[in-house]
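# Summary of structural features
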Amino acid sequence: MIKYNLVCKKCDLIFDSWFASSLEFDKLKKKELINCHRCGSLRVEKGLMAPKLINKTFRDKNEKKDLLKHQKIKKIIDKYQKFIKNNFDYVGENFAYEARSIHYKEKKNGRGIYGTASKKDIKELKEEGIDTQMIPWVENKNN
Ligand SMILES: [Zn+2]
């Protein structure tokens, strides 16, 4: 069922009416079965659909979808972060420096590093042949 606000073009009356579908409205209109409640004119047009009905369902659907998507991504990031925390050394903002010392001094402690670097750092490291991976990072404030 769809609720339409109908507007009478003759006397400007606005009234609601229920229809099985928008198609049904068109059919009834063609058969001249829709007329103004007040003046009986057939010049009745569809106004805006009742906003409450439509918006609510749509909004809830999208919000739920977004939430699920967000949770899914968060889970992947969490997994990533756990793996990195267990297998890499955190070097914070010294990332570019540490990455260079590993690369040039061939530090071999078997562990990778992770930390923060600017876009410029990453670009420079890349030019020097040092590969870095960028991953999204979410600070977990419960830790
Ligand atoms: Zn009317």
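Residues numbered from 1 in each chain as written. Predicted model: local features only at pLDDT ≥ 70, side-chain atom pairs only at ≥ 80, totals over all residues.

The helix and strand tally for the protein chain stands at four helices and five strands. Reading the protein chain from its N end, one meets helices and strands in the order β-β-α-β-α-β-α-β-α. Taken across its 143 residues, the protein chain has 7% of its residues classed as buried. The contacts in the protein chain between residues at least 6 apart in sequence include a share of 56% that link residues at least 24 apart. (Helix = DSSP H or I, 4+ residues; strand = E, 2+ residues; numbered from the N terminus. Buried ≥ 20, exposed ≤ 12 C-beta atoms within 10 Å, placed from the backbone. Contact = placed C-beta atoms within 7 Å.)

Note that soluble globular proteins tend to have their nonpolar side chains buried in a common cluster. Judged by nonpolar contacts, Tyr4, Leu6, Cys8, Ile34 and Val44 together constitute the single largest core of five residues. In this structure valine 44 touches Leu6, Cys8, Ile34, Asn35 and Cys36, once residues within four positions along its chain are discounted. (Core = buried A, V, L, I, M, F, W, Y, C linked by C-beta atoms within 7 Å.)

Moving on: the confidence of the model for the protein chain. The predicted model of the protein chain has a mean per-residue pLDDT of 81, with 83% of residues at 70 or higher. Considering each helix and strand of the protein chain separately, the mean pLDDT is smallest for helix α2 (residues 51–87), with a value of 74, and largest for helix α1 (residues 22–30), with 91. (pLDDT = per-residue confidence, 0-100.)

Moving on: helix α3 (residues 95–105). Turning to α3, its buried residues number three or more, namely Phe95, Ala96 and Ala99. For α3, the angular spread of the buried residues around the axis is 95°, confining them to a single face. Pointing more than 90 degrees away from the buried face of α3 are the exposed residues Tyr104 and Lys105. Close packing links the buried residues of α3 with β4 (88–92), β5 (112–115) and α4 (119–127). (Arc of directions from axis to C-beta.)

Attention shifts here to the pairing of strand β1 (residues 2–8). Across six bridges, the pairing between β1 and strand β2 (residues 14–19) is antiparallel. Looking at β2, one finds that valine 7 is bridged to isoleucine 14. Hairpin connection from β1 to β2: five residues lie between these consecutive antiparallel strands, with aspartate 12 at a positive phi of about 65°. (Pairing = 2+ DSSP bridges.)

Structurally, the position occupied by lysine 74 is in helix α2. Judged by local crowding, lysine 74 falls into the exposed class, with 12 C-beta atoms found within 10 Å. Sequence separation between lysine 74 and tryptophan 137 is 63 residues, and the spatial gap between their C-alpha atoms is 9.6 Å.

The subject of this paragraph is unusual backbone geometry. Here the phi dihedral of aspartate 12 falls at roughly 65°; this positive angle occurs in a residue that is not glycine. With respect to the element layout, aspartate 12 can be found in the loop between β1 and β2. Residue classification places aspartate 12 among the exposed residues on the basis of 10 C-beta atoms within 10 Å. With phi around 60°, glutamate 32 is a residue other than glycine that occupies positive phi space. On the secondary structure map, glutamate 32 appears in the loop between α1 and β3 (44–49). By the C-beta count within 10 Å, which is 9 here, glutamate 32 ends up exposed.

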